[in-house]
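Tertiary structure, described
Chain residues, written in single-letter form:
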Amino acid sequence: MDEYGPYDPTVDYGCEPAIREIGPEGKDTLTWKPLNMSRRDFIRGVVCSGVVIAGAAYIFPGVPNARADARAVERLVSLTVNGRKRQVEVPPNETLAHTLRYRLGLTGTKIGCNRAECGACTVMADDTAIYACSTLTHRVRGKDIVTVEGVAAPDGTLHPVQQAFIDEIGPQCGFCTPGQVVTAVALLKKNPNPTVDEARLAMSGNLCRCGAYDHYLRGVMKAAGRA
Amino acid sequence: MAYKLIGKNFTPPDLEAKVTGAARYAEDFRADGMAFIRILASPMPHAMVKKIELGRAEKVPGFLAALTPDEVKQPTLPGQPILAAEPAYVGQPIVAIAAETEQAAEDAVAAIEIELEPLPFCVDPLESLRPGGPNAHNGGNVAGRRIEFQEIKWSGKDFALAGEETLPKGKPVVEWAFGDVDNAFKEAAVVVEESMVHASNAHHAMEPRTAAAYWENGKCHVWGSTQSTAFAQPALARLIGIELSDLVFVAEYCGGGFGGKATSYPLMALPALMSKKLGGRPCLARVSRAEEYYNGYARAGFQAWARFGFRQDGRLIAADVFVVQDLGSTSGFPDADNVGNATSIVYQPENMRFRAIPVLTNTVPKGAQRGPGENQTANMFEPLMDKAARELGIDRLAIRLANAPGGGGKDARYGAEQGPVTSAYLRDALEKGAERFNWAERVKASGQRNGSKVRAVAVGQAYHSAGRNGFDGLVRITPDGILHIHTGVGNLGTFSYASTSRVAAEVLGYDWSRCTIERGGTARSLPWNLGQFGSNTSFTMSRTNYVAASDARDKLLGLASMDLGGSPDDYDLVDEHVVHKSNADLRVSFADCAKRAIKLGGAFSGQEVPENINPMTKAAVAAIAGTGLIGVAKDNLAKEGVVPALSAGFIEIELDLETGKYEILDFLGVADCGTVMHPQGLAAQVRGGAVMGFGLASTERHIYDPAYGRPGARSLHQAKPHTYLDIPAEMGWDAVDQADPQNPIGAKGVGEPLEGAASSALICAISEALGGYMFNRTPIVTDMIINAAAGRPQSHKPLQTNCE
């Protein structure tokens, strides 16, 4: 994705939207732009988000004021989730996981740790798997968000990953499963025929306390080529 | 015996909901006007609440209500209150606030003015046992189930005699023995003796224990996360202070429990109490990861000592065990008792002495965690077996085979009383695993070095009791011919709620597609079932479903003979029909039997019930009476002796002596779980248990700052469970598949020892790679391996616990 590559949950990103540009196809090219900012600063920024835009230079010295996009203070945002455009009132400090679960009623996305440790909240943004607990909703305006509820076909036919997870009994308690499904779907979109090692690497951001990795992995490999 | 359903794979009916996100966990329920609860938790490890000033909090916009310790029942020490007046660990809930939004609730919590008087505290059981040592609670430091809350201090002499490296052995509170231990040691060819530490570790279920509740028409509705739908209810009703009949409970899914959500727990009752204060308004207490650490229990740690004496052939003739259990801040779980019992069943010592003392600490409450006590036993004592084998000059597998109960277990003995077991095939599991793993060949290369890397193979074994009796079963055939199997088992993720339900279908000869499982809450009319914990479900609830289906079968046969002539013995059940054995034209469908049962009433359709069933089952039958043919019964089948679940694990690792990093190259787990009910489900448990075991062996532990009593490992990355990259891409599984004679289909549970067999195998493998180095500490973290490889002393004191 762009010059900065795919979203990487281990990188600290700024809390305010990067400047939005209109790309060659008239599509937003909002990027995940890393900032030289510690996680602590990031969280402080989120906590103090009421003043984050106007006071960005104060809280994050070195972050140019020019990046304070006026649109960031708009609370009514347009989100595309599972193919549907939804207008949602979202404060600037709200995470995507919270918006999905508490404003849109999409409770399939789980909050296991709320700090990018477990992956239960994984959703896709423009086909890239991201942790919804550590993504501000305002940052994904203009992205196509797909949650576990949007993975199956509109007629209810399960995605090959979902079917393979059933066939292989991937889930045990099932709480991490939505994240496992979405990560696997995102992997197969980018790499329809991964090796086992590629699949393990791609799935490694999703913890499963029941330890069902072996069964999930068999599911991913079974679904590969069919997705 | 050939079964139609038992032993066959099937798709558990809740799987689709789990992969589509439709599965609703406690935090996924919504109600109009839902208020949010946040908690003020103790910043101190032990304190007395002197004053709670809510004035400023009440002024926070959106504030609705506060709940303080004086408004909830305070159990006698060292019980676990919903809100504590004398908090006994950092993170213990003191005040709860409900507000219009979660943010407002959090703001109001921040505005509470609270005055706490710090009290002495301790995070190390041995420190508490020292003369003049601190007590975790006012007035005492020792407690436990069936153990009175009391103060026990050992003498300075007890500590001085032991020295720094050996566990002091003062007065225990649990003590038993059989045989003549002291004399047996004199006859031993080899005696091994070690002191060791096993860390506590958090359960860290993926789903934090969120709960929600509201009141309507005098009934309290609760959404909770628990392993046990039926079994959790009586205690929850007591916590809320209502009759069981006034509780409407929903627990359709449980996002991981591992013992930490075995039944109900204080936090589950909090939204109900807050909602009552708000006139029944729905309240949601969303629990964060850190709060899950504080309220989600933990495995009990141990400081222990063991002395084992062996004959030359490897037979264990004398075992002497002393354990100090880290009980946490409540009466905890009797892990210590399980150490004694597990030692007795796995190693079958001819003579044994067991002593234990559970000691309170100002750490999070300890609860049962997968193999509570039994898996610590495996991790602590399996390396001793290897050490003895090395000293005896015999194979590490051979020493286990010389002691493990097998061949059905008729001679196997259990616990202090040396009572019988229902069946035991641990030796058979070891033999089966050894053959499949090719132990004989692979062990020859074990310990060989290639550059900085050493390959090592090892074997581990573990036990847990695996079944109970005396609970109820309930099935119903409705006029459409469908079999409804009502089960109060929770949905922990083992799918045993479904595999045990299939026993009822098997008894009645049903096509599985024409069965439905009624589960997940009181509205589904659930019978009194034991909880889904303790590896018991497969044994216990296959019996309840068997007796309920047998009752339905008797009623079907009775109805047919009543209407078609002859006696019940003249009929068989064939393809969901009752058919005369010698005249196939005399037949009636189950569907028609259900209609007839409704017309006849009485016991046929649940208007009359057996006297001996539990009130919960009676209430469930009353709710569905008249809707079909009811099969309901209490499990009064014979049961004598302890039901043992046993498991063996075989592992190969490659350890880098320069980095301390190791790779698990191969793992094979073998279960002694009686008849295999659901092969694919068992495979998932063997492998999943192993993954959890690898974390237990190497990364997961509690850390407490001894100066301030604050935890240093609250989150997932600080006590990291293993990931996709930490385990082999494929792991093997197998089962002895020998029926237990005291279960109608031969089933036993097995979930817990699968973890202990794997964790102890890994610990033994790391030790083997380092030439038999005795860490005497679980988990073995990387820096310990590097120190051992470099010949440096370890950074911890030998008996130090809750430390890095």
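Residues numbered from 1 in each chain as written. Chains lettered and ligands numbered in written order. Predicted model: local features only at pLDDT ≥ 70, side-chain atom pairs only at ≥ 80, totals over all residues. Heavy atoms only, no water.

All names here are of chain B. Across the junction of L77 and P78, the peptide omega takes the value 0°, indicating a cis bond. In this structure, P779 follows T778 across a cis peptide bond, with omega equal to 0°. For P779, the position within the fold is in the loop between strand 31 (777-778) and helix 21 (782-790). The phi torsion at Q418 lies on the positive side, around 55°, for a residue other than glycine. Tracing the backbone through its elements, the reader meets Q418 in the loop between helix 12 (396-401) and helix 13 (426-437). Residue classification places Q418 among the partly exposed residues on the basis of a relative accessible area of 23%. (Helix = DSSP H or I, 4+ residues; strand = E, 2+ residues; numbered from the N terminus. Buried < 20%, exposed > 50% of the residue type's maximum accessible area, 1.4 Å probe, protein only.)

On to the sheet that holds strand 19 (residues 449-450) of chain B. Residues and elements named next belong to chain B. Taken in spatial order, the five strands of this open sheet run 19-20-28-29-30, and their pairing is mixed. Edge strands, defined here as strands with exactly one partner in the open sheet, are strand 19 and strand 30 (732-735). Contacting strand 20 (453-465) and strand 28 (644-656), helix 10 (residues 335-347) runs over the sheet at an angle of about 110° to strand 20. Against the sheet, helix 19 (residues 679-698) touches strand 28, strand 29 (662-672) and strand 30, its axis set at about 120° to strand 30. (Pairing = 2+ DSSP bridges. Contact = heavy atoms within 4.5 Å. Axes fitted to C-alpha atoms, helices over the stretch in contact; angles between N-to-C directions.)

Now for empty space enclosed by the protein. All names here are of chain B. Scanning the model with the defined rule gives six cavities of 30 Å³ or more in all. Volume-wise, the largest cavity comes out at about 100 Å³. Forming the boundary of the largest cavity are 14 residues, of which N379, P383, I763, N776 and R777 lie nearest the centre. Ranked by residue count, the leading element in the lining of the largest cavity is helix 11 (residues 374-392), at three residues. (1 Å grid on protein atoms, 1.4 Å probe; cavity = no way out; pocket = protein on both sides within 12 Å on 5 of 7 lines; lining within 4 Å. Points joined across faces, edges and corners; volume = space filled by probe spheres on them.)

Once that is clear, we can look at the sheet that holds strand 25 (residues 577-580) of chain B. In any sheet, the strands associate via hydrogen bonds between backbone groups, in a parallel or an antiparallel arrangement. Residue and element names in this part refer to chain B. If you walk across this open sheet you meet the three strands as 24-25-26, and the pairing is antiparallel. Each of the sheet's edge strands pairs with one partner strand only, and the pair in question is strand 24 (571-574) and strand 26 (587-589). Put simply, the sheet's adjacent strands are angled 20° from each other on average, direction ignored. With four bridges connecting them, strand 24 and strand 25 associate as antiparallel partners. Bridged to L573 within strand 25 is V578. In this fold helix 17 (residues 590-600) packs onto strand 24, strand 25 and strand 26, with an angle of close to 80° to the strand it touches most, strand 26.

What follows concerns the packing of helix 4 (residues 160-167) of chain A against helix 5 (residues 177-190) of chain A. All names here are of chain A. Here helix 4 crosses helix 5 at 130°, and the two axes come no closer than 9 Å. When the axis of helix 4 is compared with that of helix 5, the two are oblique. By crossing handedness, the relation of helix 4 to helix 5 is classed as right-handed. Where helix 4 abuts helix 5, its residues V161, Q162 and F165 lie against Q180, V181, A184, V185 and L188. For the contact of helix 4 with helix 5, the class distribution of residues is six nonpolar, two polar and no charged. (Parallel < 35°, antiparallel > 145°, perpendicular 65-115°, else oblique. Left-handed = near helix turned anticlockwise from the far one by under 90°. Nonpolar A, V, L, I, M, F, W, Y, C, P; charged D, E, K, R; others polar.)

All names here are of chain B. Each assigned domain of chain B is listed with its residue range as follows: domain 1 (25-120 + 214-287), domain 2 (298-467 + 641-790) and domain 3 (468-634). For domain 1 versus domain 3, the distance between C-alpha centres works out to 38 Å. Listed per partner, the contact involves 21 residues of domain 1 and 19 residues of domain 3. Taken together, the two surfaces of domain 1 and domain 3 that pack against each other cover about 1,400 Å², and 59% of this comes from carbon and sulfur. It is Q227, A230 and F231 in domain 1 that bury the most area against domain 3; as a group they hold 37% of the surface buried on that side. Joining domain 1 to domain 3, the criterion identifies zero salt bridges. Taken together, domain 1 and domain 3 are joined by eleven residue pairs in polar contact (both at pLDDT 80 or more). Elements that contribute at least two residues to the side of domain 1 that touches domain 3 include exactly helix 7 (233-240) and strand 13 (247-250). The element contributing the most residues to the side of domain 1 that touches domain 3 is strand 13, with four residues. Its residues placed into classes, the side of domain 1 that touches domain 3 shows 13 nonpolar, seven polar and one charged. (Domains from an automatic or database assignment. Buried area = accessible area lost by both parts, 1.4 Å probe. Salt bridge = Lys/Arg side-chain N within 4 Å of Asp/Glu carboxyl O. Polar contact = N/O pair within 3.5 Å; in protein donor to acceptor, adjacent residues only side chain to side chain.)

Right, let's talk about the interface of chain B and chain A for a bit. In this assembly, 57 residues from chain B lie in contact with 49 residues from chain A. Regarding the contact of chain B and chain A, the summed buried area is about 4,500 Å², with carbon and sulfur atoms giving 59% of it. Looking only at chain B, the three residues that lose the most surface to chain A are B:V19, B:M206 and B:Y724, adding up to 21% of its buried area. On the surface where chain B and chain A come into contact, there are six salt bridges. Connecting chain B to chain A are 27 residue pairs in polar contact (both at pLDDT 80 or more). Where the side of chain B that touches chain A is concerned, the elements lending two or more residues are helix 1 (15-20), strand 10 (201-202) and helix 19 of chain B. Per-element tally for the side of chain B that touches chain A: the top contributor is helix 19 of chain B, with eight residues. For the side of chain B that touches chain A, the residue count by class is 28 nonpolar, 17 polar and twelve charged.

All names here are of chain B. Enumeration over the complete set of coordinates arrives at 25 aromatic pairs over all chains. Ring centres of F231 and W528 lie 5.3 Å apart, and the angle between their planes is 25°; on these two criteria the pair is classed as stacked. Remark: W528 occurs in the loop between strand 23 (515-518) and helix 16 (537-564) and F231 occurs in the loop between strand 12 (219-223) and helix 7; sequence separation between them is 297 residues. Residue class for W528 comes out buried when judged on its relative accessible area of 15%. (Phe/Tyr/Trp six-rings, centres within 6.5 Å; stacked < 30°, edge-to-face > 60°.)

This part takes up the confidence of the model for chain A. All names here are of chain A. Taken residue by residue, chain A gives an average pLDDT of 78. The fraction at 70 or more is 67%. Confidence over residues 26-37 falls short of pLDDT 50; this stretch has 50 contacts with residues more than four positions distant or in other chains. This stretch, residues 41-72, has a pLDDT under 50; its non-local contacts, to residues over four places away or in other chains, come to 45 contacts. (pLDDT = per-residue confidence, 0-100.)

So, about the pattern of salt bridges. Scanning the entire structure with this criterion turns up 55 salt bridges over all chains. Note that A:K110 is salt-bridged to B:D28, the shortest N-O span being 2.4 Å. One end of the pair, A:K110, is in the loop between helix 3 (96-103) and strand 3 (122-125); the other, B:D28, is in the loop between helix 1 and strand 1 (35-41), on a second chain. By the burial criterion, A:K110 is buried, and B:D28 matches it. In this structure, the salt-bridge partner of A:E117 is A:R115, at a minimum N-O distance of 3.6 Å. Overall, the relative accessible area of 34% leaves A:R115 in the partly exposed class. Overlapping salt bridges, with partners in common, bring together B:R442, B:R455, B:E652, B:E654 and B:D666 in one network.

All names here are of chain A. Contact pair helix 4 / helix 7 (residues 213-223): the axes reach a minimum separation of 8 Å and the direction vectors enclose 135°. Judged on the interaxial angle alone, helix 7 and helix 4 are oblique. Between helix 4 and helix 7 lies a crossing of right-handed hand. Of the residues in helix 7, those touching helix 4 at P160, V161, A164, F165 and D167 are Y216, G219, V220, K222 and A223.

The next subject is helix 6 (residues 196-203) of chain A. Residue and element names in this part refer to chain A. For helix 6, the complete set of buried residues consists of A199, R200 and M203. In an axial view of helix 6, the angular spread of the buried residues amounts to 100°, which keeps them on one side of the axis. The outward face of helix 6, more than 90 degrees from its buried face, is lined by the exposed residues D197 and L201. If you follow the buried residues of helix 6, they end up packed against helix 4, helix 5 and helix 7. (Arc of directions from axis to C-beta.)

Moving on: the domain arrangement of chain A. Residue and element names in this part refer to chain A. Its domain assignment divides chain A into domain 1 (39-150) and domain 2 (160-223). Contacts between the two partners involve 18 residues from domain 1, matched on the other side by 15 residues from domain 2. Summed over both partners, the interface of domain 1 with domain 2 comes to about 1,200 Å²; 64% of that surface belongs to carbon and sulfur atoms. At the junction of domain 1 with domain 2, the criterion picks out one salt bridge. A salt bridge links D127 to K189; the nearest nitrogen and oxygen atoms lie 3.9 Å apart. Our enumeration of links across domain 1 and domain 2 arrives at six residue pairs in polar contact (both at pLDDT 80 or more). Elements with a contribution of two residues or more to the side of domain 1 that touches domain 2: strand 3 and strand 4 (128-131).

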